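Structure assessment
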Amino acid sequence: MRYYIKVQMIITIFFIYIVLLPINSHAETNLGIKQHVQNKLLLEVKTLPKPIPRFAFDSGFSFSYPDAVRGVYVTGHSAGGTTFEKLTSLVKSSDLNAMVIDIKDDYGNLTYLPEKSSPFYPISKNYIKDPKKVLKTLEKEQIYPIARVVVFKDTVLATKNPEWSFKDGEKVWKNGRGESFVNPFLQEVWDYNVNIAIEAAKLGFQEIQFDYVRFPEGFERRDDELTFNEGKYAKSDQDNVQKRVTAVTDFVSYAKEKLKPYGIKVSVDIFGYTATLPEAPGIGQNFSKISEHVDVISSMIYPSHWTSYFGIAKPDLEPYRLITEYAKLESQKLALIKNKPISRPWIQDFTASYLGKGNYQQYGKEEVEAQIKALNEQGINEFLLWNAGNTYTQGVDYTPLTK
């Protein structure tokens, strides 16, 4: 009997041992696995790979941003002809250091021939026969290259795609100069121009300057007469003025974002008088809103283009005073913007004889220097010179306050 009980006890103890051991071992194993996973995670955290660098486009050219951009406007014809050598010599022999070159001109033409497979080949002209050669020259001389892209004034595109334009009855609308505009409300128009800007960036331009970023002048008087598509803005509860302002501002913001991967600056030309208003009602330009989305804002402040603003009856006759008063006003506007852009106005190096006797004067060295001096005194050190024929005054001191 004792032997039987003893055997039973041994069997019971053995059974308990067999049953409980896996339970304890499993628990210990879980703890071991947990500890192993924790150690592995800690190890992985310590050895995480460095973030992959953001894509940076390299055009193969090397340019440095100047101490302050002081540039001249250059047409496609000039960039592709003998005038380019003269302009390069002008810049080299003076304190100028930049060129704004037409890549998409006022008619809507691309000013050079891309590959035949390019969607822009049909709208291209062989004005700049070798854009890479032009850029190589600018690189050698360290002349900062800016590509001018005319956006919504585009007779070529309006004619090709009337549905992207404004129609007067069955015909594409034209202004008094026979020019047509395409519709800033349409995404298709945005992408068309942004893609041209991207091509300019790929060529090696360091900045894209968008011009005619607006509706046609006086559009508030004809928006109920013309036929056009408001696109995604059709459902907006904004009035017509605000719709235009929103569309133009949205385009600038969109273009800036799309061009980010190319590491270039984005600038916009804007009417000078827009800084004097909350917004220009017809053309859709709001100085402050556009300025929030660009690296550079270039107000066109040619004295000849003003009426009797700032109490100046004949602004073309008083360039120093006109520019001074404008610069004061612009500085106040830009001071309210968190990330304010560089101010780089367009100034006048041409004679506005069309104003009529007594309303204009011959512009030369004194008048150009007066505008630059006025800007410098108000803390604006960058500027661009406009002359439609690219014939610029010789012997100008472009840095009057530093001499």
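Residues numbered from 1 in each chain as written. Predicted model: local features only at pLDDT ≥ 70, side-chain atom pairs only at ≥ 80, totals over all residues. Heavy atoms only, no water.

Structural notes on the pairing of strand S3 (residues 144–150)
Here is the rule we go by: Only protein chains enter the calculation, and the probe is 1.4 Å; a residue is then buried if its accessible area is under 20% of its type maximum, exposed if over 50%, and partly exposed in between. The helix count covers DSSP runs of H or I at least four residues long, the strand count covers runs of E at least two residues long, and both are numbered beginning at the N terminus. Think of it this way: DSSP has to see at least two bridges between two strands before they count as a pair. Every crossover in which the path from the first strand over the helix to the second runs clockwise, viewed with the strands pointing away from the viewer, is termed right-handed.
Taking burial as the measure, the seven residues of S3 include seven buried ones, the bulk of the element. By the alternation rule, side chains of S3 split into Tyr144, Ile146, Arg148 and Val150 and Pro145, Ala147 and Val149, which are all buried. Of the pairings in the sheet, the one linking strand S2 (residues 98–104) to S3 comprises six bridges and is parallel in character. Bridging across to S3, Met99 finds its partner in Pro145. As for the winding sense of the linkage, the β-α-β connection from S2 through helix H4 (residues 131–141) to S3 is right-handed. Relative to strand S6 (residues 207–211), S3 runs parallel, the two sharing five bridges. Across the sheet, residue Ala147 finds its bridge partner in S6, namely Ile208.

Things to note about the pairing of S6
S6 sits mainly inside the fold: five of its five residues count as buried. Residues Glu207, Gln209 and Asp211 line one face of S6 and the alternating positions Ile208 and Phe210 line the opposite face, and both faces are buried. Note: S6 against strand S7 (residues 265–271), four bridges, orientation parallel. Bridge assignment links Phe210 to a residue of S7, and that residue is Val268. Once you follow S6 into helix H7 (residues 240–259) and on to S7, the crossover reads as right-handed.

Brief notes about H4
As a reminder of what qualifies: Within this analysis, the arc is defined by the directions that extend from the helix axis to the C-beta atoms. In this description, contact between two residues means that some pair of their heavy atoms is separated by no more than 4.5 Å.
Where H4 is concerned, the buried positions are Pro131, Val134, Leu135 and Leu138. Within H4, the buried residues cover an arc of 95° as seen down the axis, which keeps them to one side. Exposed positions of H4 whose direction lies more than 90 degrees from the buried face are Lys133, Lys136 and Lys140. Against helix H2 (76–79), helix H3 (83–92), S2, S3 and helix H6 (187–203) lie the buried residues of H4. Of the residues trailing H4, Gln142 is marked for its positive phi of about 50°.

So, the environment of Ala201
Looking at the secondary structure, you find Ala201 in helix H6. Residue classification places Ala201 among the buried positions, given a relative accessible area of 3%. Between the alpha carbons of Ala201 and Ser59 there is a distance of 7.7 Å; along the sequence they are 142 residues apart.

Focus: the pattern of salt bridges
This is how it is decided: Whenever Lys or Arg places a side-chain nitrogen within 4 Å of a carboxyl oxygen from Asp or Glu, that contact is recorded as a salt bridge.
As enumerated under the stated definition, the model contains 23 salt bridges in all. As a salt-bridge pair, Lys365 and Glu369 come within 2.4 Å of each other at their nearest N and O atoms. Here Lys365 and its partner Glu369 are both found in helix H10 (residues 365–377), four residues apart, which amounts to about one turn of the helix. Relative accessible area serves as the criterion here: at 40%, Lys365 is assigned to the partly exposed category. You can call Glu369 buried: its relative accessible area is 18%. Salt bridges linked by common partners bring Asp102, Asp106, Arg148, Lys153, Arg177, Glu179, Asp211, Arg214 and Glu217 together as one network.

Overview of unusual backbone geometry
At Tyr212, a position not held by glycine, the phi torsion is positive, near 50°. Along the chain, Tyr212 turns up in the loop between S6 and H7. In this model, Asn390 sits at a positive phi of 65°, which is unusual for a non-glycine residue. Its place among the elements puts Asn390 in the segment after strand S11 (383–386).

Points about the nonpolar core
Going by this rule: We call a set of buried Ala, Val, Leu, Ile, Met, Phe, Trp, Tyr and Cys residues a nonpolar core when their side-chain atoms join them within 4.5 Å.
Counting residues in hydrophobic clusters, the biggest one holds 107 residues, and the most contacted among them are Met99, Phe210 and Phe251. Tallying contributions element by element places H6 first for this core, with ten residues. Once residues lying within four places of it in the same chain are set aside, the contact partners of Met99 are Val72, Val74, Phe84, Leu87, Thr88, Val91, Leu138, Ile143, Tyr144, Pro145 and Ile146.

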